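Structural features, examined
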Amino acid sequence: MYKKLFAFILLVLPSQLLYAKNVEIKAKRFSKGEIKVDGIVSQEEWGDFTPIEDFVELQPEEGKIPPVKTQVFVGYDDKNLYVAFKCYDDVKTIRKTLTPRDHLSFSDDMALFYLWTYSKGGEGYIFATNPFSVQYDGKKEPPPNNNDDWSFDTQWEVKSFIGDSSWSAEFKIPFSSLRFETKEKQNWRITFVRIRPRASQNMYSFPKLSLNNPSIFDQSAILIIPEEISFHIKRLSLIPYVIGSQNGWMEGEKYHLDRGKFNIGGSGKYQVSPNLTLDFALNPDYSNIETDIPQIDINTTYALYYPEKRPFFMEGSDIIKTPIEVFYTRMVNNPLYAVKLTGRALDLDLYLLSAYDENALYIVPLEDFSVKFPTSKKGFINFIRVKKNILNSESYIGLILGDREMKKDEYNNGFGRIAGFDTKIRFLKHYTLSYQGVYSNTKEPEDSTLFSGYGINFDTHTDRFDGEEFDGFAHKLKFYTVFRNLYLSSYYKIFSPSFRSDIGYIGRNNLKKGGIAIRPIFYINKSGINQLAFGANYSKERNFARESKMEFLNLNAYIQFSFAQINLNLNKNFYNQRYSGKFFKDLGYFSTSIYSVPLKWLSAYANFSTGKDIYYRELIPDYETSVSGGINLRHEKMLLSIKAHRQLIYRDRYKNLISDASVFSLKTTYSFTNALSFRLTGFYYTNNKSVGISPLLTYQLTPFTVFYLGANINALKKDNADGIKAQDHQVYLKLQYVFKI
């Protein structure tokens, strides 16, 4: 028994105890107080600091000594952490574009660092910039995903400077913008990265990183701040806004104009402690001023998914990520008020939210598809998420409780409740096991005018809104293996026919699905090829009646070339599918995509797919071809993006056309300064012949102090005639300012 226990402890021991000791960096205090952040790494300010210089190439050729020198300095004072990069290079080859904040482009040279302020890991902060001082901030997800989430925003400063033989950047990160535990001495984790795109996407790091370890946290340096961080912060931030708009619309042959309207509201933050934040909002403005990307939904079976961009929901977004998306913050659609407490307390990660939504949104999952629609119904949303790290820095257990209670009007509008448990265990450096189980209890509204259904029954229930109450459950188990030259994963998930989450994004239910994926990776680094990978994915799905729903096989290949930053993907899919009671055999398609940055001012991509699928409107086999592509032109202060997507659907083998839909879009951005920019977007949908343009002038001092002046103008192209017919428009002005008290 003791041998088995000892073996288990070795499996889950923190990997930093099993592998090489981490490099230590002792931050030095600035004796003269705050420094001037001007991007110039001067001898006067940084001369007494020891530079960090031992950068090593991570890609394309791991372990290689970089052809250019990089230096980093780290310091602090009472209020701030300072990081300075000095990137030596032929400055004529530096790639740089002035864009609005967070308009990320890996086509530019970049300096960035990952920072973990908790010794138990989790998600880390990302702070980055380019030679034009553009600010990028985000969160680094833990393995096995290791994704960079750039939706996070906080307040900090950066300034870059281009010299004769280098470009440099100085970061100033207020301690008040970070979440950390109060201790006599801080032991944080940090990794420095320089991105230098030329013929290949070159990446250099300190400390040295290995692709054979999926955890950057494990390999990061220990940043020691040798004293307690005690500073006075302005605990309360108020962010009021005022927005005015004027609308017009076509009704019959007459165009109507309203008198305009104004709205006021706001949000705020209260810093309860250095690692606990209270967010609140009253009548917040959640309009999508940054227009979502156009998508074609001619022949889809699911509710379109859009990522969360609203600032109120950014704080703590890492805490609520789970294998099954039972909480989707966009389901808080139009709140009159919202209150949220996030952070860490008693060694627990916490996310507590309460909101009153004035326009409840529904996503109704069924066996083959989902339906999404807004309503005028009102409801109270409450959500609790608790996580605790266990065993090592990237393992946890978590609990979820959620509820949406609809307000009663002439109908009893029901409720949706969920409760769940999830865990992730990482062991022996390369292996991760995750699981989530969720129980749901749903009572539909009694108002079938909201959703009359499709005549589909599940268990003993109907799909229309008729006041029925039912319970459901979902489970998802996944195992990952990540090595330098191999990725392997397998999963199994079950969603019962009556499983729903009225505050989540559940695309389908009534399924039992399992799958496996394998992907060998080869780092060639010769003959014009940097990386070569092949993969196979297989999955099989049944419903609860044990009917086969889908059997799917994907074969894929990926090639990264060592010139023009070319990346090529090839895919071949084979599948059989049962949809709406009908079984379709021998479906499949081929797809390919290519992306390249051949010149410092030009990037381009193209996608192509073709094959046999299902035309869902008529339940017949069809033949589909999809072509999309785009180019991005950049000239220091200006970006121009042109995109097109066309989808063709045929009744027979590329004969007897059923549908021909295209969307064309254009976006141009001119940045006068880091804060002031003008953007113009336009689109054209061929399926309904709609045309739209959206000019927008933005002045953004911080993520939360911003001025917008813009318009959305939509029209229809006239049939059999030149010109267009106006449909509607909106002109708007928004002013938002942050006050720290």
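So, here's what we can say about the structure.

Overview of the overall build of the protein chain
- A tally of regular secondary structure across the protein chain gives four helices and 44 strands.
- Its C-alpha radius of gyration of 27 Å places the protein chain within 12% of the 27 Å reference for a compact globule of 741 residues.
- Projecting the C-alpha coordinates of the protein chain onto the three principal axes gives extents of approximately 75 × 75 × 55 Å.
- Sorting the 741 residues of the protein chain into buried and exposed places 52% on the buried side.
- Total accessible area on the protein chain stands at roughly 33,700 Å², and carbon and sulfur atoms take up 57% of it.

A look at the pairing of strand β24 (residues 396-406)
- Here strand β23 (residues 379-389) pairs with β24 via eleven bridges, running antiparallel. The partner of G379 across the bridge, within β24, is M406.
- Here β23 hands over to β24 after six residues, with L391 in that stretch at a positive phi of 70°.
- By the bridge criterion, ten bridges tie β24 to strand β25 (residues 415-427) in an arrangement that is antiparallel. Bridged to R404 within β25 is G416.

Details of the environment of Y505
- Positionally, Y505 belongs in the loop between β30 (486-495) and β31 (511-526).
- Sequence separation between Y505 and E636 is 131 residues, and the spatial gap between their C-alpha atoms is 40 Å.

A word on the nonpolar core
- If you look at the biggest cluster of nonpolar residues, it comprises 37 residues, and the most contacted ones within it are F85, F113, F171, W188 and F192.
- When residues of this core are traced back to their parent elements, those giving at least two are β4 (70-76), β5 (80-88), β6 (110-116), β7 (124-129), β11 (166-174), β12 (186-197), β13 (201-206) and β14 (221-225).
- For F192, the residues in contact, after removing those within four places along its chain, are I25, I52, F55, V72, V74, V83, F85, L112, F113, Y204, S205 and F206.

A word on the packing of aromatic side chains
- Scanning all chains against the criterion turns up 51 aromatic pairs.
- Each ring, one from Y114 and one from W116, has its centre 6.2 Å from the other, and the planes form 45°; the classification is tilted. Just as Y114 is buried, W116 falls in that class too.
- Ring plane angle 15° and centroid distance 6.2 Å describe the contact between Y431 and F479, whose orientation is recorded as stacked. Of this pair, Y431 sits in strand β26 (residues 431-443) while F479 sits in strand β29 (residues 469-483), and the two are 48 residues apart along the sequence.
- A relative accessible area of 24% means that Y431 is categorised as partly exposed.

Side note on the environment of L602
- Relative to the assigned elements, L602 resides in strand β36 (residues 602-615).
- Here L602 falls in the buried class, since its relative accessible area comes to 18%.
- Taking the C-alpha atoms as reference, L602 lies 36 Å from I658; in sequence the two are 56 residues apart.
- Sequence-distant contacts of L602, defined by excluding residues within four places in its chain, comprise S596, V597, I631, N632 and L633.

Considerations on the pattern of salt bridges
- Overall, the coordinates contain 40 salt bridges when judged by the stated rule.
- Taking the shortest distance from any N to any O, the salt bridge between K172 and E157 comes out at 3.7 Å. Of the two residues, K172 is situated in strand β11 and E157 in strand β10 (residues 157-162); the sequence distance between them amounts to 15 residues.
- Here E394 ties to R426 by a salt bridge, and the two come within 2.7 Å at their closest N and O atoms. Residue E394 is located in the loop between β23 and β24, and its partner R426 is located in strand β25; the two are separated by 32 residues in the primary sequence.

Some words on unusual backbone geometry
- Here the amide bond leading from Q59 into P60 is cis, since omega sits at 10°, within 30 degrees of zero.
- Of note, P60 is situated in the loop between β3 (56-59) and β4.
- Note that the residue after F206, namely P207, is joined by a cis bond; omega there is -5°.
- Relative to the helices and strands, P207 is located in the loop between β13 and α4 (216-219).
- Phi at K689 takes a positive value of approximately 55°, unusual for a residue other than glycine.
- With respect to the element layout, K689 can be found in the loop between β40 (676-685) and β41 (690-700).
- According to the relative accessible area criterion, K689 is partly exposed, its value standing at 32%.

Description of the side chain of T70
- In this structure, T70 sits in strand β4.
- Given the relative accessible area of 1%, T70 is considered buried.
- A distance of 3.0 Å separates the side chain of T70 from the side chain of R194, its partner in a polar contact.
- Setting aside residues no more than four positions away along its own chain, T70 makes contact with I52, E53, F55, F85, K86, C87 and R194.

Some remarks on a nonpolar patch on the surface
- A cluster of nonpolar side chains, namely M638, Y670, F672, F678, L680, I693 and I713, defines an oily patch on the protein surface of about 560 Å² accessible area.
- By the secondary structure assignment, L680 is in strand β40.

Some points on the sheet that holds β11
- The strand order β2-β4-β5-β11-β10 describes an open sheet built from five strands, whose pairing is mixed. In the strand order of this sheet, the two ends are held by β2 (28-29) and β10, each with one partner.
- Where β5 meets β11, nine bridges bridge the pair, whose relative direction is antiparallel. What sits directly across from V83, in β11, is F171.

Description of the environment of N510
- Inspection of the secondary structure puts N510 in the loop between β30 and β31.
- When its relative accessible area of 11% is taken as the criterion, N510 is described as buried.
- When the C-alpha positions of N510 and A474 are compared, they lie 9.6 Å apart, and in sequence the two are 36 residues distant.
- Here the side chain of N510 touches E367 through a polar contact of 2.8 Å, side chain to side chain.

The rules we used
- Residues numbered from 1 in each chain as written.
- Predicted model: local features only at pLDDT ≥ 70, side-chain atom pairs only at ≥ 80, totals over all residues.
- Heavy atoms only, no water.
- Helix = DSSP H or I, 4+ residues; strand = E, 2+ residues; numbered from the N terminus.
- Rg over C-alpha atoms; globule rule 2.2 N^0.38 Å.
- Buried < 20%, exposed > 50% of the residue type's maximum accessible area, 1.4 Å probe, protein only.
- Areas by Shrake-Rupley, 256 points an atom, 1.4 Å probe, with all protein chains shown as cover.
- Pairing = 2+ DSSP bridges.
- Core = buried A, V, L, I, M, F, W, Y, C linked by side-chain atoms within 4.5 Å.
- Contact = heavy atoms within 4.5 Å.
- Phe/Tyr/Trp six-rings, centres within 6.5 Å; stacked < 30°, edge-to-face > 60°.
- Salt bridge = Lys/Arg side-chain N within 4 Å of Asp/Glu carboxyl O.
- Polar contact = N/O pair within 3.5 Å; in protein donor to acceptor, adjacent residues only side chain to side chain.
- Patch = residues over 30% accessible without salt bridge, like charges linked within 9 Å, V, L, I, M, F, W, Y side chains within 5 Å.

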